[in-house]
Amino acid sequence: MAGSPVAAVVSPLGQSVQEMSMNGNEPPPQYFLKENSIHPMDSFLPSDPIPIIDISLLSSSSSLSSRGGEEEELQKLKSALTSWGCFQAVGHGISSSFLDKVREVGKQFFALPVEEKQKYSRATDGIEGYGNEPILSENQVLDWSYRLLLRLQPVDQRKLQLWPENPNEFREVLDEYGANVKIIMDVLFKAMAMSLNLEENSFSSQFGERAVMQRRFNFYLSCPRPDLVLGFKPHSDGSGITVLLQNKEVEGLQVFKDDKWFRVPIIPHALVVNLGDQMQIMSNGIFKSAIHRVVSNSERMRISVAMFNEPEPDKESDQWMP
Ligand SMILES: O=C(O)CCC(=O)C(=O)O
Ligand SMILES: [Fe+2]
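Where an unreviewed UniProt entry is consulted, the chain appears under the name Fe2OG dioxygenase domain-containing protein, with the organism given as Vitis vinifera.

Here it is in structure tokens:
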């Protein structure tokens with residue numbers, strides 16, 4: 001994504017998304033998909049499903065020579081990342097009850113009165129905090145959603161004034177979740193390198209001592225026109241990888257492949273892993289970053305939590321040369 005925000009719009013068109021959603025108001029045209037876009041309802045369940053990878057099999061492979069049964073899982077990982085750019089991760093070691101807790105604190109935060117949430121609002125020129133998407137151009141098609149983006153690492157760069165204190169477990173739960181996801185990311189970076197027959201730290205070493213980790217809560221409200229309005233427009237993540245906790249009941253995420261949009265089915269205890277642009281570059285384009293979008297839903301709200309990791313901003317990456 002290029003450019004800097006031209007305006008922070010809480011209520012660009014008189015009413016906020018939250019008000020329009022609650023009142024069942026027709027969204028204004030600024031939210032309508034461009035005419036040449038693929039219709040939100042034009043999506044498929046892939047006949048060859050989005051791969052499911054067991055992380056516990058990958059983490060046992062600590063060196064190239066000790067590979068055994070995990071070889072198959074490494075090949076599955078490579079194939080997932082070269083074709084889809086994403087997969088569903090199981091065997092990740094985080095309990096289902098803790099994943100529910102992460103979803104729950106997000107839900108509780110969003111249920112707070114608007115004035116309370118606005119205490120954590122994103123500044124006009126910032127990216128962290130609570131609000132709608134940053135507006136980068138006048139013609140931007142708007143997303144029917146709110147976000148809360150927070151930087152977790154490096155720890156000394158945390159803007160704690162933007163971290164909700166209500167519900168009171170929010171910070172603690174998200175800290176613990178961040179630590180758990182970091183472990184998964186470390187395992188994945190090693191496995192990705194090994195799947196390409198590279199030294200296991202080839203990718204992780206390029207992120208630097210002060211690698212960045214951010215998390216984003218996405219809050220998608222019910223929308224009376226899911227046929228015209230998206231919750232999150234098509235994009236690829238700028239991250240190395242993204243670990244995404246989906247809603248347990250409300251589907252919405254779709255991935256673009258072979259000129260079609262495919263639905264990402266809900267597997268309640270799984271985490272969706274999307275390859276981001278940074279890893280596409282570092283793998284010389286062998287791994288593909290996933291282009292994805294989120295459709296809206298006319299009846300139900302959906303919440304997701306994405307964790308992104310990025311190289312330390314000033315670190316130069318050595319692209320791997322085959
Ligand atoms: O809500 C989702 O399922 C996807 C969110 C997403 O793509 C993002 O936060 O970058
Ligand atoms: Fe994304």
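So that's the structure; there's more coming.
Draft legend 1. The arrangement of the pattern of salt bridges in detail. In total, this model carries 17 salt bridges according to the counting rule given. Between K182 and D186 there is a salt bridge, with the nearest N and O atoms lying 3.1 Å from each other. In this pair, K182 and D186 are both assigned in helix α6 (residues 170-195), four residues apart and thus about one turn of the helix distant. Given the relative accessible area of 30%, K182 is considered partly exposed. R263 serves as the salt-bridge partner of E251, at 2.7 Å between the closest nitrogen and oxygen. On the criterion of sequence distance, the pair formed by E251 in the loop between β7 (241-245) and β8 (253-257) and R263 in strand β9 (residues 260-263) is long-range, its members being 12 residues apart.

Draft legend 2. Spotlight on the site of ligand 1. Around ligand 1 there are 14 residues in total, and R216, Y220, H292, R302 and S304 lie nearest to it. Here an oxygen atom of ligand 1 sits 2.8 Å away from a polar atom, N or O, in the side chain of R216. In this structure, an oxygen atom belonging to ligand 1 sits 3.2 Å away from a side-chain N or O atom of D237. In isolation ligand 1 has 300 Å² of accessible area, and contact with the protein removes 99% of it. Top contributing element to the shell around ligand 1 by residue count: strand β12 (residues 302-310), with four residues. Grouping the constituent residues of the shell around ligand 1 by class yields seven nonpolar, four polar and three charged.

Draft legend 3. Main features of the packing of aromatic side chains. Scanning the model with the defined rule gives 16 aromatic pairs in all. Seen in terms of ring centroids, F109 and Y120 are 6.0 Å apart; in terms of plane orientation they differ by 65°. Their pairing is edge-to-face. Residue F109 is found in helix α4 (residues 96-110), and its partner Y120 is found in the loop between α5 (114-118) and β3 (129-131); the two are separated by 11 residues along the sequence. Aromatic ring contacts, followed pair by pair, group F109, F110, Y120, Y130, Y146, F170, F217 and F219 into a single cluster. Positioned over the ring face of F232 is R147, at 3.9 Å from the centre of the ring. The ring centre of W84 lies 4.6 Å from the NZ or CZ of K257, which sits over that ring.

Rules and cut-offs
Residues numbered from 1 in each chain as written. Chains lettered and ligands numbered in written order. Predicted model: local features only at pLDDT ≥ 70, side-chain atom pairs only at ≥ 80, totals over all residues. Heavy atoms only, no water. Salt bridge = Lys/Arg side-chain N within 4 Å of Asp/Glu carboxyl O. Helix = DSSP H or I, 4+ residues; strand = E, 2+ residues; numbered from the N terminus. Buried < 20%, exposed > 50% of the residue type's maximum accessible area, 1.4 Å probe, protein only. Near = heavy atom within 4 Å. Polar contact = N/O pair within 3.5 Å; in protein donor to acceptor, adjacent residues only side chain to side chain. Areas by Shrake-Rupley, 256 points an atom, 1.4 Å probe, with all protein chains shown as cover. Nonpolar A, V, L, I, M, F, W, Y, C, P; charged D, E, K, R; others polar. Phe/Tyr/Trp six-rings, centres within 6.5 Å; stacked < 30°, edge-to-face > 60°. Lys NZ or Arg CZ within 6 Å of the ring centre and 35° of its normal.

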